[in-house]
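Structural characterization, general
Chain by chain, the residues run as shown.
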Amino acid sequence: QVQLVESGGGLVQPGGSLRLSCAASGSIFSIYAMGWYRQAPGKQRELVAGITGGSTNYADAVKGRFTISRDNRKNTVYLQMNSLKPEDTAVYYCNAHLRQSVLAGAYDYWGQGTQVTVSS
């Protein structure tokens with residue numbers, strides 16, 4: 001059993017900042033990649049930022065404003081969000097691509113989501 005637990009969402013004014021955290025726990029052999037996705041009402045889920053080893057990638061809409069980082073010892077990924085805009089409002093989901101044992105395949109796991117609302 002693997003669990004991804006997100007925290008840090010909330011209501012913030014435009015221009016403000018939030019930091020999301022996502023901790024993976026349970027039966028984990030190795031985590032290959034972690035990332036953040038978001039889904040706004042009426043829209044498809046989209047990749048916000050991902051991190052694999054030392055490499056990161058970002059959606060164009062968040063480049064220069066958001067920073068993804070990872071603590072491998074804690075199996076935790078963070079998303080620092082600065083200069084937030086109303087269009088960043090969405091439910092943010094954590095994703096981990098991991099293997100539960102040396103014999104198992106690698107699969108995607110998701111958190112339950114955390115709401116981020118940017119509004120004055």
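Anything mentioned here points back to the structure above.
Before going into details, it helps to say that this report is about the structure given with it. Predicted model, so just to flag it, every value in this text is computed and none were measured.

Describing the nonpolar core
- The biggest cluster of nonpolar side chains holds 28 residues, and the ones touching the most others in it are Trp36, Leu79, Met81 and Tyr92.
- Mapped by element, the contributors of at least two residues to this core are strand S1 (2-7), strand S3 (18-26), strand S4 (30-39), strand S5 (46-52), strand S7 (66-71), strand S8 (76-81), strand S9 (90-99) and strand S11 (114-118).
- Broken down by element, the residue count for this core peaks at five residues, all from S9.
- Apart from residues lying up to four places away in sequence, methionine 81 is in contact with Gly16, Ser17, Leu18, Leu20, Arg65, Phe66, Tyr92 and Val116.

What to know about the sheet that holds S1
- Reading across the sheet, the four strands line up as S1-S3-S8-S7 and stay open at both edges, with antiparallel pairing between neighbours. Of all the strands in the sheet, just S1 and S7 have a single pairing partner and so form its edges. Put simply, the sheet's adjacent strands are angled 15° from each other on average, direction ignored.
- In terms of strand pairing, S1 meets S3 through six bridges, oriented antiparallel. Across the sheet, glutamate 6 pairs through a bridge with cysteine 22, a residue of S3.

Observations concerning the packing of aromatic side chains
- Overall, the coordinates contain one aromatic pair when judged by the stated rule.
- On the basis of an interplanar angle of 65° and a centroid distance of 4.9 Å, the ring pair of tyrosine 37 and tryptophan 110 is categorised as edge-to-face. Taken together, the residues span a long stretch of sequence, with tyrosine 37 in strand S4 and tryptophan 110 in strand S10 (residues 106-110) at a distance of 73 residues.
- Here the guanidinium or amino end of arginine 19 rests over the ring plane of tyrosine 78, the centre of that ring lying 4.1 Å away.
- Geometry around tyrosine 93 places arginine 45 over its ring, the cationic atom sitting 3.7 Å from the centre.

Concerning the side chain of glutamate 6
- Turning to its location among the elements, glutamate 6 is positioned in strand S1.
- One buried charged residue, glutamate 6, remains without a salt bridge, the closest side chain of opposite sign being arginine 45 at 7.7 Å.
- Of the polar contacts made by the side chain of glutamate 6, one reaches the backbone nitrogen of glutamine 112; its length is 3.1 Å.
- A polar atom in the side chain of glutamate 6 sits 2.6 Å from the backbone nitrogen of glycine 113.

Thoughts on the pairing of S4
- The pairing of S4 with S9 spans nine bridges and is antiparallel. By the bridge assignment for S9, isoleucine 31 is matched with leucine 98.
- As judged from the five bridges shared by S4 and S5, these two strands associate in the antiparallel manner. Residue pairing in the sheet places methionine 34 in a bridge with isoleucine 51 of S5.
- Hairpin connection from S4 to S5: six residues lie between these consecutive antiparallel strands, with glycine 42 at a positive phi of about 80°.

What counts, and where the lines are drawn
Residues numbered from 1 in each chain as written. Predicted model: local features only at pLDDT ≥ 70, side-chain atom pairs only at ≥ 80, totals over all residues. Heavy atoms only, no water. Core = buried A, V, L, I, M, F, W, Y, C linked by side-chain atoms within 4.5 Å. Buried < 20%, exposed > 50% of the residue type's maximum accessible area, 1.4 Å probe, protein only. Helix = DSSP H or I, 4+ residues; strand = E, 2+ residues; numbered from the N terminus. Contact = heavy atoms within 4.5 Å. Pairing = 2+ DSSP bridges. Axes fitted to C-alpha atoms, helices over the stretch in contact; angles between N-to-C directions. Phe/Tyr/Trp six-rings, centres within 6.5 Å; stacked < 30°, edge-to-face > 60°. Lys NZ or Arg CZ within 6 Å of the ring centre and 35° of its normal. Lys, Arg positive; Asp, Glu negative; His and termini not counted. Salt bridge = Lys/Arg side-chain N within 4 Å of Asp/Glu carboxyl O. Polar contact = N/O pair within 3.5 Å; in protein donor to acceptor, adjacent residues only side chain to side chain.

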